[in-house]
Amino acid sequence: MRKQNKKQGNARAHKSGPNFSAQHLLHHPETIRQFIRSARLSSSDTVLDIGAGKGSLTFPLADQAGKVIAVEMDAEFVRFLRAKAEGDPRIRIIQGDIRLLRLPKEAFHVVANIPFSITTPILEKLLGPEGRAFQRGMLIIEKGAARRLTQTEMVDPRLLLWRMHFVLEMRSVIPRTHFAPPPRVDAAVLRIERRERPLIPIQQGARFVGFAKLLLREPRIAAVHALKGIFTPAQIKASLKLANVDREQTVLSLSMEQWASLFCSMLQHVTPHRWPKG
């Protein structure tokens, strides 16, 4: 392990003034160890550390993975990281906004304490078409956001689409006092894992969003009624049976598998002019 230069150690813990990036640096040693251990990395893995800060995750990650790509926008943090990582072939430091950077083309994982204010854009990038090489992630985000992303009942078509291709799970809660500066609320670990077999065809994402938007216009009505604008009565009966959906079951209570089954039934049995627009 490198001995930290005193001059480097004086790099600011966070920006003075308002924390516009909503970057809260994780500093609790045991939390860091547990978080990295839970990522289950191997020496052949490429790992993306988004919002690397002073490298509290970057350097321990390099001891577990084959390659670490640390992305940081703040120039002072970048200088600190580059000085500390000098001569280490396992670590690559990139200065820039993750929203504007290209993701790796080879298979990669993400283990990161991401800036809370751009949680949604980061997820859109990783879980959308650009993240085709993204395999698995352990992200530290606000606890409330982690709950919304993993709750059973959903009204967000975009989130439904993500869960057709990925499994999202809220793991441990991290107290706000484990960060500097501390956020206003506690954080949580969000585990993301690509499904071995997506529930719907990858190329049908836009059509699925249109389908979900139509059904979710009235999420508390029975699915049998929500489907009437798309399916014929005979098609509804057959599709509900195939998806194991009860006639009284609401749209809001549909499982991921039921959503996928109903959508695939539409693709197979309904003429395209009746499909909802994206």
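All values derive from a computational prediction rather than experimental measurement. (Residues numbered from 1 in each chain as written. Predicted model: local features only at pLDDT ≥ 70, side-chain atom pairs only at ≥ 80, totals over all residues. Heavy atoms only, no water.)

A. Local environment of the pattern of salt bridges. Summed over all chains, the structure comprises 12 salt bridges. Here R33 makes a salt bridge to E30, at a shortest N to O gap of 2.9 Å. Of this pair, R33 and E30 are both found in helix α2 (residues 29–38), three residues apart, which corresponds to roughly one turn of the helix. Accessibility expressed as a relative area gives 46% for R33, which makes it partly exposed. Measuring nitrogen to oxygen at the nearest pair gives 3.6 Å for the salt bridge that ties D156 to R158. Judged by relative accessible area, which is 29%, D156 ranks as partly exposed. (Salt bridge = Lys/Arg side-chain N within 4 Å of Asp/Glu carboxyl O. Helix = DSSP H or I, 4+ residues; strand = E, 2+ residues; numbered from the N terminus. Buried < 20%, exposed > 50% of the residue type's maximum accessible area, 1.4 Å probe, protein only.)

B. Focus on the environment of V270. Summarising the element assignment, V270 is placed in the segment after α11 (256–269). Spatially, the C-alpha atom of V270 lies 29 Å from that of R132, the residues being 138 residues apart in sequence. In contact with V270, other than residues within four places in its own chain, are I230, F231, Q235, S265 and W275. (Contact = heavy atoms within 4.5 Å.)

C. Representation of the pairing of strand β4 (residues 91–95). As judged from the five bridges shared by strand β3 (residues 67–72) and β4, these two strands associate in the parallel manner. Residue pairing in the sheet places I69 in a bridge with R92 of β4. (Pairing = 2+ DSSP bridges.)

D. Quick peek at the nonpolar core. If you look at the biggest cluster of nonpolar residues, it comprises 62 residues, and the most contacted ones within it are L48, V110, L126, I192, F208, F211 and W259. When residues in this core are grouped by element, the largest group, six residues, is from α11. (Core = buried A, V, L, I, M, F, W, Y, C linked by side-chain atoms within 4.5 Å.)

E. Main features of the packing of aromatic side chains. Throughout the structure, instances matching the rule amount to eight aromatic pairs. Judged by centre distance (6.3 Å) and plane angle (70°), the rings of F116 and F179 are edge-to-face. Of this pair, F116 sits in the loop between β5 (108–113) and α5 (119–127) while F179 is found in strand β8 (residues 179–180), placing the two residues 63 residues apart along the sequence. Residue F116 shares its accessibility class with F179, and that shared class is buried. Grouped by ring-pair contacts, the aromatic residues F208, F211, W259 and F263 constitute a single cluster. (Phe/Tyr/Trp six-rings, centres within 6.5 Å; stacked < 30°, edge-to-face > 60°.)

All quantities given are derived from atomic positions and should not be read as evidence of function.
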